[in-house]
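Structural characterization, general
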Amino acid sequence: MRKIFLLLIILTPLLNFSQTNNPIYTISGKIVDSSTKLPIEDATIIFKSIDSNKIMYGGITNKRGRFEVDLAKGTYNASVEILPYKTKKLNISSITRDLNIGTVELELKTEFLDEVEVIAEKSTLEFKRNKQVFNVGKDISSTGASVSEILANIPSVDIDPNGNIKLNGRDDVAVMINGKLSTLSKSDALKSLPAGSVEKIELLNNPGASYSATMGAIINIILKKGKEEGLNASLTGTGGFKDYYGGLLTLNHKSKKINFFTNTSYARRNPITLATYKNEYFENNTTTSFLNEETENKQPANFFISTVGFEFYLSKKSTLTTTVNYTNIDSKNYATTFSDILNPSKNSIATNTRKNNGSYNDEIVEFVVDYEQNFSKEGQKLTAFITHSIDKEIFVNQFTNTNANFLDEDFNILNTLKSTNTKITYANPISENSGYEIGYEGLFGSTPFEYIDSNINKLIDFTDTNHAFFASYEKQFKKLYVGFELRAEFLTYKINYDYLNTVQNKKFNNLFPYLSLSYSISDSKSISLFINRNYSVPGYYQLQPYEQKISETISFIGNEDLNPFYMNNIQLTYTYYGKKIIFQSVLSHSIYTDSWQNVTYKTGEQVNGVDKLISTIVNLGKLYQTIANFTAIYNLSKVINFTASARIENLDQTGVFKTINLANETITQDFNFSNVNATFSLFTQVKIPNWFNFQTKVMHTLISRGPVSTRQAYTYANVAISKDIFDKNATIAITSSDIFNSNIVKRTRFDSNYISDVDIRQKYPTILASFTYRFNQRKQDRKINFDKKEKESKTKF
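Residues numbered from 1 in each chain as written. Predicted model: local features only at pLDDT ≥ 70, side-chain atom pairs only at ≥ 80, totals over all residues. Heavy atoms only, no water.

**Here's the deal with the overall build of the protein**
Per the secondary structure count, the protein includes 4 helices and 50 strands. In terms of C-alpha radius of gyration, the protein reaches 28 Å, essentially the compact-globule figure of 28 Å for 797 residues. Principal-axis analysis of the C-alpha atoms places the extent of the protein at approximately 90 × 55 × 50 Å. Among the 797 residues that make up the protein, the fraction classed as buried is 52%. The contacts of the protein with a sequence gap of at least 6 include a subset with a gap of at least 24, amounting to 66%. (Helix = DSSP H or I, 4+ residues; strand = E, 2+ residues; numbered from the N terminus. Rg over C-alpha atoms; globule rule 2.2 N^0.38 Å. Buried < 20%, exposed > 50% of the residue type's maximum accessible area, 1.4 Å probe, protein only. Contact = heavy atoms within 4.5 Å.)

**Let's talk about the environment of I744**
Within the element layout of this structure, I744 appears in the loop between β47 (730-737) and β48 (745-750). For the pair I744 and G239, spaced 505 residues apart in sequence, the C-alpha to C-alpha distance is 25 Å.

**A look at the nonpolar core**
Ranked by size, the top nonpolar core spans 31 residues in total, and within it L151, V157, I165, I201, I219 and I221 carry the most contacts. Among the secondary structure elements, those contributing two or more residues to this core are β9 (125-128), α2 (147-151), β11 (157-159), β12 (165-167), β13 (173-177), β15 (198-204) and β16 (217-223). Of all the elements, β16 adds the most residues to this core, at 4 residues. In this structure, I201 is in contact with Q132, V133, F134, V136, I150, L151, I154, I219, N220 and I221, ignoring residues within four places of it in sequence. The next biggest cluster of nonpolar side chains, apart from the first, holds 23 residues, and it includes F470, Y497, Y535 and Y546. (Core = buried A, V, L, I, M, F, W, Y, C linked by side-chain atoms within 4.5 Å.)

**Some points on the sheet that holds strand β4 (residues 66-72)**
Strand order in the open sheet formed by 3 strands is β4-β1-β8, and the pairing between neighbours is mixed. Single-partner strands in this sheet number two, and they are β4 and β8 (99-106). Recorded for the sheet is a direction-independent mean angle of 25° between the axes of neighbouring strands. (Pairing = 2+ DSSP bridges. Axes fitted to C-alpha atoms, helices over the stretch in contact; angles between N-to-C directions.)

**With respect to the sheet that holds β16**
Taken in spatial order, the 6 strands make up an open sheet running β9-β10-β15-β16-β13-β14, and their pairing is mixed. Pairing within the sheet leaves two strands with one partner each, and these edge strands are β9 and β14 (180-181). In this structure, β13 lies alongside β16, joined through 5 bridges in parallel fashion. Looking across to β16, one finds that V173 is bridged to A217.

**Things to note about the pairing of strand β35 (residues 581-593)**
The sheet contact formed by strand β34 (residues 565-577) and β35 spans 12 bridges and is antiparallel. Within β35, the residue paired with L572 across the bridge is L587. Counted between consecutive antiparallel strands, the loop separating β34 from β35 contains 3 residues. In this structure, β35 lies alongside strand β38 (residues 622-635), joined through 13 bridges in antiparallel fashion. Paired with Y592 across the two strands is L623, which belongs to β38.

**Comments concerning the pattern of salt bridges**
Side chains that differ in charge, positive against negative, can pair when their charged atoms come close. Applying the stated rule across the entire model yields 16 salt bridges. Put simply, K602 and E283 hold a salt bridge, and the shortest N to O gap is 3.4 Å. Linking K602 in strand β36 (residues 596-607) with E283 in strand β20 (residues 272-283), this pair joins segments that are 319 residues apart in sequence. Taking the relative accessible area as the measure of exposure, K602 reaches 4% and is therefore buried. Taken together, the shared-partner salt bridges in this structure form one network comprising K30, R66 and E378. (Salt bridge = Lys/Arg side-chain N within 4 Å of Asp/Glu carboxyl O.)

**With respect to the packing of aromatic side chains**
Taken as a whole and assessed by the stated rule, the structure comprises 24 aromatic pairs. With a centroid separation of 4.8 Å and an interplanar angle of 80°, the aromatic rings of F565 and W596 are classed as edge-to-face. Note that F565 is positioned in strand β34 and W596 in strand β36, a separation of 31 residues in sequence. One aromatic cluster in this structure is built from F47, Y57 and Y76. The ring of F385 has K180 sitting right over it, with the charged end atom 5.3 Å from the ring centre. One residue, K423, lies across the ring of Y211, its end atom 5.0 Å from the ring centre. (Phe/Tyr/Trp six-rings, centres within 6.5 Å; stacked < 30°, edge-to-face > 60°. Lys NZ or Arg CZ within 6 Å of the ring centre and 35° of its normal.)

**Concerning the side chain of T447**
Along the chain, T447 falls in strand β27 (residues 434-453). By relative accessible area, which is 8% here, T447 ends up buried. Setting aside its immediate chain neighbours within four residues, T447 contacts T416, L417, I460, D461, F462 and Y540.

**A short note on the confidence of the model for the protein**
Averaged over all residues, the pLDDT of the protein equals 85, while 92% of them reach at least 70. Low pLDDT, under 50, characterises residues 779-797; the predicted model gives this stretch 86 contacts beyond four residues in sequence or across chains. (pLDDT = per-residue confidence, 0-100.)

Structural data, given as structure tokens:
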């Protein structure tokens, strides 16, 4: 398998090479706002044929407002366009040499016209250096859907039924809001955060030194703040199948000095999860008993999420932004589990019905302050932010059983998470093509979690402090980009087991280097190499030592001795931009040291003659992970386009788990294993102007075999259809996630002492209908798809 990956690495850059004898020249310049003189990012530069008015070449400005367009010798009509600015024709026509046109100023339009000249087609998925950008507004299902449902439409993102997220096969993913860690990125919040409040989603495969080294990959969700002056708003109402409904208000009012913005939503959800467990137990290779369990878990929940903020334009070069995020989740947990215990002859010897009348409440308040200061020197910038959040979680559980041999339980879990994150970054260009960045980041967390039942009160106070310093240098040559970054982290854990009168302290001081190389083979082809090191640290859920029952015979417990694991990563990326096809291959190899492994084993206890099982997480050996990701975007026509992706993953794992259970039995599990699995998806969009839009995503995952479990293959599909009405001031949409209800987890766990078949699924698919009305926000369509790639920023400063 490794030879195949090596061959792919060698061959991929050789694809689609082409030569031309026509001289190629470079046109460069800078686009700024005529009033503020600040650079304009994503402005579109268009070169059209004089004869046919056909778009021949184009480019988009970078963060510094700069652009470079490579084009053949000839005569063109040139212009620059971006909403909400007036289109401006460039005073160039005949191209016979390299030319820098200097600074071009754009003026804001006084009002929008009913029919706006088309500017640039932003595809749903865009490829940029070391990241992909998913434009949420281009996803037809974004009206009425949640962020979790939108993430499931992104080719490189996988979300399992429990809400766990993977990016390009990696599970060490951090979800950020506006470039920061946020309570809005919690799994429960993402399931209710409306996609209509999101502008775009950035996918970073190899975050640099300015991000925490615990982030092997990042999903950065950029919320809307409103860009147009005056009052702008949209209102969305959503209703769905089986007790799903909600609404979203997005509003901003922008003047020359202040921009007020808010995204406020309410959602009602009532997911019902079905699970079956069929267990067979052995002793000396002889069956001793069977256990069959069926669970129905109803979790009706009310979500209220609100973001309110102000942007203060202190001067032409400085901005202060203050934001308050508030989240309230009120959820019930009505779970019923029927258990049937059978003897070796499969005759029922005992039954039980276990019910949980539980609840979960989570109230979160988060304060965010951002400051940005630009200097006279272009690209020189100071940015800083501080966030502080208070997250109060209350879990109430009341378990009752019909069988007197089973234990009734009544306990609560209280968690109060307090977190402060501060960061300051200074960026300074050394020259036109080089620059450096330095900064500091501090993370300060406190999580006292408390377990309360009728007999005992267990309090554990978990605090963590992380001081980080980072620096980076980058240089852009004509064809080659070189970047080197270094991050130093000083992490301290303190765990106070109050009920045991013991304190545990841990310190982890580490250096994390990053190397980035990118070579532009031609205007349509590029290749990049990334090398970095990072690590993952356990959170309070992995560390908490309380037993959490899945059923009467299966439980999970955290591991307070769990240590971080470290990863060394290398990634090679090849990107091709064609007239009809955009293709990207990402080949990566990671080596995990002291990797985490979930283990399940017999405790030595029995319940009505059935062995009790416990699951936990431990540090175990090394893991070698090789992943090949392939993504292709095919624009068949102006009406239909396809995005296909494939991921092939090879895992080589080492390590042996040993423990002694309560019956003084030695438990040994061998995790030395090699496995190959793959996932395929096809995302299709059909957009018929003035009629309707339609999209589907179909995803298939092959069977996955591991050392102690096997997960069966599965396929599921999402669909959406929408139509603009009222002269594009409103949109109606119908969306469905997992329309065939086939996103099922079927897994078999096995050991020398038991076999467990697990089947977990949602009882119903998600089907939603929504209506969105825009006030002073006429929907603008961009329908030009450039044959050439977007030019990357020469420096990121």
